[in-house]
Every structure is written in structure tokens, then in C-alpha cells.
Amino acid sequence: MKLVIAGSRPLSGVVKVAGAKNAALKIMAASLLAGGVCRLSNVPRITDVDTMLGVLRGLGARVDVRPDGSTMSIDPSGVDRCEPPEELVKEMRASIQVMGPLLARLGYVRARQPGGCNIGPRPIDLHLKGFAALGAKITEERGYVSVRAEKLKGAEILLDIPSVGATENIMMAACLAEGTTVIRNAAREPEIVDQQNFLNRLGARIRGAGTDTIRIEGVKSLGATDYAVIPDRIEAGTFMVACAMTGGVARIENVIVEHVQALIAKLREAGAEVVEGDSYVVVRGPRRLRAVSIRTLPYPGFPTDMQPQFVAAMSVACGTSIVTETIFPNRFRYTEELRRMGANVRVEGRVAIVQGVMALSGAHVEAPDLRGGAALILGALVSEGTTEIAGVHHVDRGYEDLPGKLVKLGAAIERVTASERQVG
Ligand code: UD1
């Protein structure tokens with residue numbers, strides 16, 4: 001499957017953002033703790049959600065996805081397996097978010113250590129340190145990790161770095177622990193607040209998500225709830241950047257404006273006009289953006305998940321932009337492909353120096369990962385000629401039909417299979 005994109009058209013129109021991938025995946029995992037059937041809505045239709053459904057089924061949960069694809073029910077009463085399917089853990093790192101709930105529910109969990117991935121090594125040592133602090137015994141051998149605890153006990157946990165995944169995994173495990181757990185230097189991402197809200201609707205007693213100190217008072221058991229996942233701030237951000245860099249004007253709906261402030265500030269600094277509504281933003285791009293520098297940081301700083309798309313925008317901006325990646329060391333692989341499209345990007349360690357050019361030019365490129373793939377699509381929108389992008393499955397992991405939504409905004413994008421392309 002490839003995308004064929006004819007560039008040089010400004011985007012315009014209205015687009016609606018789907019539910020947040022990084023909230024939905026964790027809330028699906030958290031459903032394993034429920035004492036009954038949970039109904040989730042505003043779940044994005046993306047392949048990572050399909051993978052998480054596979055993980056839940058593999059553990060013995062009953063899941064039922066409604067025809068609309070974005071509503072599902074999860075019944076964890078039959079969960080009796082304590083090892084998430086190995087091939088799915090390999091495929092998607094977020095599968096390890098079932099470790100906390102399984103540990104709390106079954107007292108034991110075993111999983112393959114997720115290896116390095118395309119954006120760099122991503123260890124789970126902080127997740128494990130947290131489980132150990134709650135009284136679990138950890139054994140690691142030949143690529144597998146086993147975590148066992150007869151009874152988890154509340155504890156004070158200071159995270160060495162504010163890891164999103166570790167904060168969530170520990171928060172889930174601590175819900176059913178005896179006594180109170182305090183997570184300090186916790187990550188503050190909005191998706192963690194969403195998970196807290198979901199768990200509290202089940203009857204958990206969690207306070208402080210969204211700040212760097214989260215307090216979890218353990219309870220004996222949890223109930224069930226219906227819950228709507230928050231909108232995806234990274235999808236929203238991707239459309240905002242796409243619109244700004246093509247010199248278009250678009251209204252992006254289903255946005256929690258507070259969640260995209262870092263991006264709004266940078267887009268304004270770069271010369272775009274952004275109007276903030278109650279649940280939407282309107283972005284109007286200038287003829288050409290000005291170069292601005294960014295540094296990725298934990299929330300509420302500039303999100304690492306928007307770094308590649310922003311570099312794509314800066315590659316056609318006026319001037320030189322310095323982009324510093326502080327979260328994932330190896331997140332510049334896509335810049336090699338952008339360079340094939342004529343971008344002038346030099347990477348030195350954690351820094352990319354982007355010298356804006358007037359336009360990119362169509363080329364054959366390959367998406368190396370999810371957000372890198374989105375950056376290439378945005379680059380193709382401002383390219384002269386036609387760009388072919390392979391590796392689109394990476395993009396489908398985390399965006400609900402990004403090409404289709406861009407087409408509705410006026411982009412010229414076709415999905416073709418490799419054989420169709422040979423004929424055409
Ligand atoms: C989540 C998001 C991802 C986003 C990232 C940072 C999901 C499914 N993914 O990933 O899209 O880019 O937050 O906002 O929600 N680290 C350790 N030890 C650990 C855990 C993490 O050293 O045990 C390091 C990582 O290698 C990385 C940094 O901490 O350098 C941040 O990672 P973390 O916040 O955990 O990201 P994820 O939860 O994996």
C-alpha cells in the first residue's frame with residue numbers, strides 16, 4: 001500500500017478529530033480492572049486499537065466493537081491469562097500497559113520485554129521499579145519479565161523521569177493496592193488525566209493527575225462505567241500544521257483547546273493565525289511560515305509526537321529553525337526521507353537544523369514510523385510534482401484515515417497497492 005500525493009494545494013474546509021490514541025489504548029487496558037462491562041466511545045478507528053483489542057481477547061476478555069467502529073464494550077470477567085500475546089507486544093509497545101492491571105487483578109504477569117523501536121530504545125525499567133515499590137517481585141530472564149505479588153501495598157514512588165507509560169501503569173496497579181500510593185515526578189499528559197477520570201468512574205480513588213504528584217488510595221474492587229475518550233491532540237496538531245504550511249484555512253473540530261496550547265504558540269510565532277473556539281480551532285496559514293525553533297518537552301511543553309510534522313513545516317519556512325529532541329534520542333530518521341524531497345535538514349545528535357527552502361519536490365520515500373510518516377505526508381502537500389510514500393501502515397497505526405481526511409480538505413491523495421501502481 002502506497003500513497004500517491006500531488007502537492008502544492010492549500011487546504012481548506014472543516015475536519016473532525018477522532019478520539020485520542022494514547023488515551024484510548026490505556027483506557028482499554030484499564031478496563032481489565034473493571035468489575036463489569038465497560039462501554040467506551042470516541043475510540044479512534046486505527047490499527048493500534050485493533051492490536052489492543054487482540055491483546056485483550058488474548059487475555060480472555062470479551063470485546064465487542066459496534067458497527068461504527070468507535071464504540072466498544074469490554075467485559076473482563078473471563079480474564080484468566082497473565083501473559084499478553086507475544087507477537088502483539090512485539091508489534092505495539094503500548095501492549096505492556098496491561099501489566100499493571102493484570103498484576104493488580106491476577107497477582108502475576110509475564111511479558112516479553114518490548115525491544116527497541118524505530119524511534120529509539122524505550123526501556124520499561126521505571127514501570128518495573130514502580131511495581132517493585134508496590135511490593136512485587138520482578139524476575140527477568142532471556143528477554144522476558146515476570147512480576148509477582150500476592151498483595152500490592154501502597155508506596156511512595158519517585159519517578160527518575162516523568163514517563164507517561166510508567167505513570168499510567170503504576171497508577172493502574174495501585175488502584176487495588178492496600179493503602180495509599182503517591183507517584184512523584186509523574187508525567188502530566190492529558191491522557192493520564194483521562195485515565196484517572198475513567199478509573200475514578202469505576203470507583204477508584206485517584207487525585208492529582210495532570211500535576212506532578214498523583215495520590216491513589218487503594219480500594220477493594222472496582223465497578224463498571226460508560227466512558228467517552230478525549231479527542232486526539234496530536235491528530236488535531238497535525239491538521240493545524242498541515243493547514244498552516246500549505247497557506248490554507250481550516251476549522252479543526254473536536255479539539256480541547258487547552259491541550260494544544262504549545263503548538264498554537266509556535267504556529268502564531270511562525271506567522272499563522274489561530275482562532276480558539278470552545279471545542280475547535282481555526283487556522284489560517286500565511287503565504288510562507290517564518291522559521292521558529294522548538295524543543296520537545298514533557299507536557300505542557302512542545303510534544304515530541306508533533307516534532308516531525310513541525311520539521312516538515314519548517315523545511316519550507318523562511319529562515320533557519322533549530323529543533324531539539326529531548327525525549328526520544330533517535331527520532332529524526334524520517335529527515336533522511338525529507339531530504340530526498342529536497343528539504344535542507346542537518347541532524348547533529350539530538351538537534352536538527354532546518355534551513356527552509358522555497359518548495360520541496362516530489363520523490364519516492366518510505367515512512368519509517370508513525371509520526372515520521374505523517375511528516376512525509378505533510379511534506380508531500382507542499383511539494384512540486386508527485387510524491388509516493390510507502391510504509392503507510394505506520395500512519396494507519398495512529399491516525400484515523402489521515403489521507404482521507406486530508407482529501408476532504410482539498411489534498412490530492414490516492415491510496416494505491418503496489419501492483420496498481422505498476423500498471424498505472
Ligand atoms: C508515550 C506515548 C508516545 C509519546 C511519549 C512521550 C503512548 C502509547 N505513547 O510513550 O506517543 O511520544 O509518551 O510523550 O502513550 N523511559 C525510560 N524508562 C522507562 C520508561 C521510559 O527510560 O521505564 C524513557 C523513554 O525511553 C523515553 C522517555 O523515558 O526516552 C519518555 O518515555 P515515556 O514518557 O515513557 O513514553 P511512552 O509512555 O513510551
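Residues numbered from 1 in each chain as written. Predicted model: local features only at pLDDT ≥ 70, side-chain atom pairs only at ≥ 80, totals over all residues. Heavy atoms only, no water.

## With respect to the pattern of salt bridges
Rules: Think of a salt bridge as a Lys or Arg side-chain nitrogen and an Asp or Glu carboxyl oxygen that are within 4 Å of each other. Only DSSP runs of H or I reaching four residues or more are called helices, and only runs of E reaching two or more are called strands; each is numbered from the N terminus.
Under the defined criterion, the tally for this structure stands at 24 salt bridges. With a shortest N-O distance of 3.7 Å, R39 and D226 are connected by a salt bridge. A residue pair is termed long-range when its members are at least 10 positions apart, and R39 in strand β3 (residues 38-41) and D226 in strand β13 (residues 226-228) qualify at 187 residues. The partner of E191 in a salt bridge is R233, with the nearest N and O atoms 2.8 Å apart. Placement of the pair is E191 in helix α7 (residues 190-201) and R233 in helix α8 (residues 233-245), with a sequence separation of 42 residues.

## Considerations on the packing of helix α1 (residues 21-30) against helix α6 (residues 164-174)
Keep this limit in mind: All axes are obtained by fitting lines to C-alpha atoms, using only the stretch in contact for helices, and the reported angles, taken between N-to-C directions, cover 0 to 180 degrees. Comment on the angle field: the value is read as roughly parallel under 35 degrees, roughly antiparallel over 145, roughly perpendicular from 65 to 115, and oblique elsewhere. Note on convention: near helix rotated counterclockwise from far helix by under a right angle means a left-handed crossing. Clockwise means right-handed. Residues are treated as being in contact if the distance between any of their heavy atoms lies within 4.5 Å. Each residue is assigned to one of three groups, with Ala, Val, Leu, Ile, Met, Phe, Trp, Tyr, Cys and Pro labelled nonpolar, Asp, Glu, Lys and Arg labelled charged, and all others, Gly among them, labelled polar.
In contact at an axis separation of 11 Å, α1 and α6 are set at 25° when each is read in the N-to-C sense. On the basis of their axis angle, the class for α1 and α6 is roughly parallel. Here the hand of the crossing between α1 and α6 comes out right-handed. Facing N22, K26, A29 and A30 of α1, the residues of α6 in contact are V164, E168 and M172. Considering only residue class, the contact of α1 with α6 consists of four nonpolar, one polar and two charged.

## Some points on the pairing of strand β18 (residues 320-324)
The criterion, for reference: Any two strands between which DSSP finds at least two bridges are classified as paired. With strands facing away from the observer, any crossover in which the path from the first strand over the helix to the second runs clockwise is taken as right-handed.
Where strand β17 (residues 294-295) meets β18, two bridges bridge the pair, whose relative direction is parallel. Residue R295 lies in a different strand from β18, and its bridge partner there is T324. Considered for its hand, the β-α-β crossover made up of β17, helix α10 (residues 307-314) and β18 is right-handed. As defined by bridge partners, β18 adjoins strand β20 (residues 351-355) across five bridges and the pair is classed as antiparallel. When the sheet's bridge partners are listed, T320 is paired in β20 with Q355.

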